Amino acid sequence: MKKKVISVMMAAMLLVSLGGCGKEPQQQAEADGTVQKEASDEGTANGETGGSRICVETNSDMSNLAPSSVQNDAHFRCGNLIYEKLLDYDKDGNVIPGLATSFEVSDDLKLTLHIRENVKFHTGQTLSAKDVLFSLKLANDSANFSRNTKYMDLESAEIVDDYTLVVPLEQKTVFLEDDLAKIEIASEEAYQADPEHLNNKEAGTGPYYVSDWQVGSSITMQKFEDYWGDASQKQNVDEIVFKVISEGSQRTIALETGDVQVLYDVPRADIKTLQENPGITLDGKESDGCYALYFNCSEGKPTADARVRQAIAYAIDTPAVASTAYGDGGVAATTISNRTDIEWEDSMADLEPLYPYNPEKAKELLAEAGYADGLELTIITDNTKDGAKDAIQIIQNQLEQVGIKLNVELQEASVFNTAKFDENAWDLQYDFYGIVRTTMAFFNNQFDQRAGSRAFYRDETMQSMLEDAIPEYDAQKVEALAEYFTEELPAYPMVDVIKYYAYKTGLENFNIYTYNVMYPGEFTYTEEYNK
């Protein structure tokens with residue numbers, strides 16, 4: 001196989017009751033930490049700097065409202081408005097202060113966090129170091145967030161005063177800033193007082209609080225009047241309604257008819273239609289994500305054999321998958337790095353896929369692995385992801401040509417997000433992953449065996465190389481990891497995503513941040529928007 005490594009340098013239908021945004025939201029009692037306020041007319045804005053309400057589409061609902069519990073599109077999109085982190089990202093991907101005004105790490109590896117003062121939780125408490133330590137421990141107990149605390153000795157942490165926390169580190173890590181920008185901070189008092197531990201209510205510090213949650217239908221948020229930050233920058237609208245619309249064509253209809261003013265998830269089939277609509281602005285951006293084929297590497301699985309994994313990769317025409325399933329919304333991946341990584345170089349776009357299409361080579365490898373007569377595998381994917389169904393169908397047809405029968409299970413997001421961590425539920429998994437800033441984040445977040453390796457991949461050499469690269473960034477070590485990973489192939493990067501967003505013309509200051517999220521509270525509204 002021609003080796004290709006990174007060249008490294010130093011980064012149900014439309015809702016049955018889907019009404020217009022003028023529908024009055026249900027109000028909760030002040031005892032639940034919310035404030036009653038009357039609803040405004042649908043999608044209206046008051047002047048160029050503020051609005052009364054905006055409706056935003058999202059393709060799936062939040063699983064719960066608990067902090068540092070779930071990592072999916074809905075939680076990133078909605079959770080970012082209600083929960084804040086110790087550090088944050090600006091629109092250019094640079095790390096900036098959040099609930100921590102600053103931090104430093106001493107020579108003896110003690111992390112000192114300086115907590116922002118006079119910050120209120122939606123539930124009325126004042127943020128302190130004890131809430132931060134509690135939230136770090138909560139993340140440490142989470143299957144999805146424990147990787148972000150794995151170098152912290154939280155049991156030995158010391159609360160120096162209300163706004164200073166010292167946490168011993170077990171080793172240096174290049175991911176410290178990104179870890180601190182991932183963990184959501186919640187009120188310990190509110191969490192402990194709630195028998196359901198914030199599954200159905202939240203206790204964040206963000207610019208908006210949840211006033212109503214109609215599970216599977218909508219999440220309504222109100223401006224938090226006691227927010228510590230600059231209201232003119234983050235609270236330009238009084239109310240944000242996230243409407244759950246899982247079916248692609250219904251999203252477009254919702255935007256065209258004014259039921260929503262913003263689409264997070266533009267159906268690829270409607271890109272041209274939306275481009276030609278003068279009342280709608282279409283915005284395409286290179287995202288920090290990629291669709292990949294994960295191989296179940298558990299002992300006893302056919303895909304535990306690297307030759308089978310390589311054979312499957314050779315059997316798939318990746319450019320055909322990208323162009324047919326995603327159209328303008330995706331391009332064939334040619335490296336492990338994606339197009340927003342610091343390692344990315346423009347010349348990489350001209351490379352072939354990591355495994356060029358070669359069915360005959362695929363058959364040879366299958367024969368070597370003992371499957372000359374073929375084999376039968378099960379693949380799962382999230383059917384709410386635009387393009388996933390079509391991509392799986394192409395993969396299924398192409399694998400059949402080399403003797404692999406593929407049983408397809410298209411799952412709802414909530415089912416898939418559980419099944420993908422069950423080693424008995426699948427052989428192949430088609431899923432989206434995101435990388436923040438550097439390709440090292442892909443290896444660390446997906447395949448560090450100390451925090452649960454995706455695809456149940458276990459390899460001493462890979463783990464040793466990864467642990468050696470974590471203390472400080474080294475381009476050569478990252479490149480060596482990429483080369484080894486490409487040969488082992490526990491996952492096969494296939495389609496780099498070009499993410500499209502659509503919104504009502506006249507809406508301005510539209511920015512996309514890390515994890516492909518937007519902040520509706522920073523939008524501004526022109527006269528054209530109000531026509």
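Predicted model, so just to flag it, every value in this text is computed and none were measured.

Draft legend 1. Examining the overall build of the protein more closely. When helices and strands are counted, the protein shows 15 helices and 20 strands. At 23 Å, the protein has a C-alpha radius of gyration in line with the 24 Å of a compact globule built from 531 residues. Principal-axis analysis of the C-alpha atoms places the extent of the protein at approximately 70 × 60 × 45 Å. Residue burial in the protein is summarised as follows: out of 531 residues, 58% are buried. Distance from the positive charge centre (44 side chains) to the negative charge centre (91 side chains) of the protein: 2 Å.

Draft legend 2. Main features of the nonpolar core. One finds L293, I312, Y430 and F443 to be the most contacted residues of the largest nonpolar core, which totals 71 residues. Those residues in contact with F443 that lie beyond four places of it in its chain are I336, D448, M462, L466, V478, L481, A482 and F485. With 69 residues, the next largest nonpolar core counts L87, F134, L165 and A190 among its residues.

Draft legend 3. Molecular detail of the packing of aromatic side chains. Under the criterion given, the structure shown has 23 aromatic pairs. Their ring planes at 80 degrees and their centres at 5.4 Å tell us that F442 and F485 sit as a pair that is edge-to-face. Residue F442 is located in helix 13 (residues 439-447), and its partner F485 is located in helix 15 (residues 475-488); the two are separated by 43 residues in the primary sequence. This pair shows no difference in class: F442 is buried, exactly as F485 is.

Draft legend 4. Region of the structure containing the pattern of salt bridges. The tally for this structure, following the rule as stated, stands at 24 salt bridges. Here R268 ties to D390 by a salt bridge, and the two come within 1.8 Å at their closest N and O atoms. One end of the pair, R268, is in the loop between strand 12 (262-263) and helix 7 (271-275); the other, D390, is in helix 11 (residues 388-400), with 122 residues separating them in the sequence. Note on R268: relative accessible area 26%, which makes it partly exposed. Look at the salt bridges and you will find they share partners, linking D73, R77, D265, K385 and K499 into a network.

Draft legend 5. Region of interest: the sheet that holds strand 5 (residues 100-105). With antiparallel pairing, four strands are arranged side by side in an open sheet as 5-6-8-7. The open sheet terminates on both sides in strands that have one partner only, identified here as strand 5 and strand 7 (158-161). The sheet shows a mean angle of 20 degrees between the axes of neighbouring strands, taken without regard to direction. Strand direction decides the pairing type here: strand 7 and strand 8 (residues 164-168), joined by three bridges, are antiparallel. Each bridged residue has a counterpart across the sheet, and for E158 the counterpart in strand 8 is V166. Across the sheet, helix 2 (residues 129-140) touches strand 6 (110-115), strand 7 and strand 8, and the angle it forms with strand 8 is around 30 degrees.

Analysis parameters
- Throughout this document, residue positions are counted from 1 along each chain, in the order its sequence is written.
- With pLDDT at 70 or above as the cut-off, local features in this predicted model cover only qualifying residues; side-chain atom pairs require 80 or more to be listed or tallied, and sums for whole chains, interfaces and linings still use all residues.
- Excluded from the side-chain calculations are hydrogens and water; all other atoms, namely the structure's heavy atoms, are used.
- Helical segments are the DSSP runs of H or I of at least four residues, strand segments are the runs of E of at least two, and each set is numbered from the N terminus.
- Only the C-alpha atoms count toward the radius of gyration. The rule for a globule is 2.2 Å times the residue count to the power 0.38.
- Relative accessible area decides the class of each residue, using a 1.4 Å probe on protein chains only: under 20% of the type maximum gives buried, over 50% gives exposed, and in between gives partly exposed.
- The charge count treats Lys and Arg as positive and Asp and Glu as negative. His and the chain ends do not count.
- Working definition for charges: the position is that of NZ of Lys, CZ of Arg, CG of Asp or CD of Glu.
- We define a nonpolar core as any set of buried Ala, Val, Leu, Ile, Met, Phe, Trp, Tyr and Cys residues linked to one another through side-chain atoms lying within 4.5 Å.
- Here, two residues are considered to be in contact whenever any of their heavy atoms come within 4.5 Å of each other.
- Centres within 6.5 Å make a pair out of two Phe, Tyr or Trp rings, where for Trp the six-membered ring is used; the pair is then stacked when the planes are under 30 degrees apart, edge-to-face when over 60, and tilted otherwise.
- Whenever Lys or Arg places a side-chain nitrogen within 4 Å of a carboxyl oxygen from Asp or Glu, that contact is recorded as a salt bridge.
- Strand pairing is defined by DSSP finding a minimum of two bridges between the two strands.
- What counts as an axis is a line fitted to C-alpha atoms, over the stretch in contact for a helix, and the angles between N-to-C directions run from 0 to 180 degrees.

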